[in-house]
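# Coordinate analysis (summary)
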Amino acid sequence: MTVLETQTAAPIEKAPLERYVAPDKPSLVGLTRAQLSDALGRLGVPEAQRKMRVQQLWHWLYFRGVTDFEAMTSVSKELRALLAAHHTLDRPEVVAEQVSVDGTRKWLLRLPGEVQGERPHEVECVYIPDSERGTLCVSSQVGCTLNCTFCHTGTQRLVRNLTAGEIVGQVLAARDRLGDWPGGVRPTDGVIPAGERCITNIVMMGMGEPLYNFEAVRDALLIVADGDGIAISKRRITLSTSGVVPLIARTGAEIGCMLAVSLHAVRDELRNELVPLNRKYPIAELLEACRNYPGASNAKRITFEYVMLKGVNDSIAEAKALVRLLKGIPAKINLIPFNPWPGSRYECSDWEQIEKFSQVVFDAGYASPVRTPRGRDILAACGQLKSASEKLSARERLALRAMAMTD
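Residues numbered from 1 in each chain as written. Predicted model: local features only at pLDDT ≥ 70, side-chain atom pairs only at ≥ 80, totals over all residues. Heavy atoms only, no water.

Let's shift gears to the pattern of salt bridges. Pairing is possible between side chains of opposite charge, provided their charged atoms come close. Under the definition given, this model contains 22 salt bridges. For glutamate 124, the salt bridge is made with lysine 106, and the minimal N-O distance between the two is 3.5 Å. With a gap of 18 residues between them, glutamate 124 in strand β3 (residues 121–129) and lysine 106 in strand β2 (residues 105–111) connect regions that are remote in the sequence. Among the residues examined, glutamate 124 registers a relative accessible area of 7% and is labelled buried. One salt-bridge network, in which partners are shared between bridges, spans Glu215, Arg218, Asp219, Arg250 and Glu254. (Salt bridge = Lys/Arg side-chain N within 4 Å of Asp/Glu carboxyl O. Helix = DSSP H or I, 4+ residues; strand = E, 2+ residues; numbered from the N terminus. Buried < 20%, exposed > 50% of the residue type's maximum accessible area, 1.4 Å probe, protein only.)

Next comes the structure, spelled out in structure tokens:
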């Protein structure tokens, strides 16, 4: 059986192995304003007071970043005690942190499993700093629904979707670690941006396919963008999808963030192998959805991600075909040098070939930045994330350790 036949026989989507079970005392993190109001109502707060109380909670949760109800000094002692008796301000637990030689940080975050006392769920979150900005790469699932063959996360089983609170909680946990709150103390190791904010950009490019967890991702990103709290502009929030066509329009209409599409091939035959979801939503359907993306314009371009695989999709003919495919779409093309991981059958394109490919795209009038590989030494680069929620073989553990030690 050929590689293509093997991929064709594999399922396009995975079924979740577990589900989220809410704790007895749920966290307020990730609740919308309406949900916060309902929670206050269940505690007996009069309806006439709820709007004010919600605004107070919102300020302490998302502007101040407090982790203890007692720190909410503008809230009455009685209400603080009532909230503490029924809720928490918990975010995901950081169980491991790695700092790359280039300043990239990767956190392993622990979440509750379906069955109390059994193995917890874990996801990875990556912070990529530059001198003037810092980008946080956030996960949407434990594992991934899809089976993209070049992606390390795609080799993992789908354990479950994350809740809105677990998605927002990654942002809060990262800001906690970076001292990115008023009066916070920033770490002295690694690279930290010089501006007022450590985290200036959010990308939904971590573990999982965000559009297979649409409602939770939508609610989380709207909380992140809310001007009274974390206040990261929607123009600085990017959602990356492998091409779940029916939900692309809803992403633009209901979230309003920037869109990135994992394209990686110009022919259906090849994309069927690299991104098996293409068998369900082929290239023509995907690009039509992009042409109709709400708000797309030259000022709000769609990013097309194209991982450079040696001898697979990196020919000059394919560069010219890519340009023809994207005609009429306000776009930029992000060329991504393939990041190796244990067991992968692909290699990164030669740098000379990447430059030639980029030049063809640039000459056609498209921005074609080549994404600088970041965090490779800690397996934090694009396509490398894979949590410990899935057991690794002894050989894979050794390979991971060897790669993590490589500068």
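Still more to cover.
With that out of the way, let us pick up unusual backbone geometry. Phi at alanine 231 is positive, roughly 55°, even though this residue is not glycine. Mapped onto the elements, alanine 231 comes out in the loop between α6 (214–225) and β8 (237–241). Given the relative accessible area of 34%, alanine 231 is considered partly exposed. Phi is positive for histidine 264, which is not a glycine, with a value near 70°. Tracing the sequence through the fold places histidine 264 in the loop between β9 (258–262) and α8 (268–274).

The relative placement of two packed helices comes down to the angle between their axes together with the axis-to-axis distance. Contact geometry for helix α10 (residues 316–325) and helix α11 (residues 351–363): axes closest at 9 Å, N-to-C directions at 30°. Accordingly, the angle class assigned to the pair α10 and α11 is roughly parallel. The hand of the α10/α11 crossing is right-handed. In this structure, α10 contributes Ile316, Glu318, Ala319, Lys320, Leu322 and Val323 to the contact, and α11 contributes Gln353, Lys356, Phe357, Val360 and Val361. A breakdown of the residues in the contact of α10 with α11 according to their chemical character gives seven nonpolar, one polar and three charged. (Axes fitted to C-alpha atoms, helices over the stretch in contact; angles between N-to-C directions. Parallel < 35°, antiparallel > 145°, perpendicular 65-115°, else oblique. Left-handed = near helix turned anticlockwise from the far one by under 90°. Contact = heavy atoms within 4.5 Å. Nonpolar A, V, L, I, M, F, W, Y, C, P; charged D, E, K, R; others polar.)

What follows covers the pairing of strand β1 (residues 93–99). Of the strand pairs in this sheet, β1 and β2 are connected by six bridges, and their pairing is antiparallel. Bridge pairing in β2 links alanine 96 to leucine 108. (Pairing = 2+ DSSP bridges.)

Within the fold, glutamate 97 resides in strand β1. A residue is classified by how much of its surface remains accessible, and glutamate 97, at 33% relative accessible area, is partly exposed. Each C-alpha atom of the pair glutamate 97 and valine 126 lies 9.8 Å from the other, and the pair is 29 residues apart in sequence. The residues touching glutamate 97, leaving out its near neighbours within four places in the chain, are Arg105, Lys106, Trp107 and Arg177. Looking at glutamate 97, its side chain comes within polar contact range of the side chain of tryptophan 107, at 2.6 Å. Side-chain polar atoms of glutamate 97 contact the side chain of arginine 177, separated by 3.5 Å. (Polar contact = N/O pair within 3.5 Å; in protein donor to acceptor, adjacent residues only side chain to side chain.)

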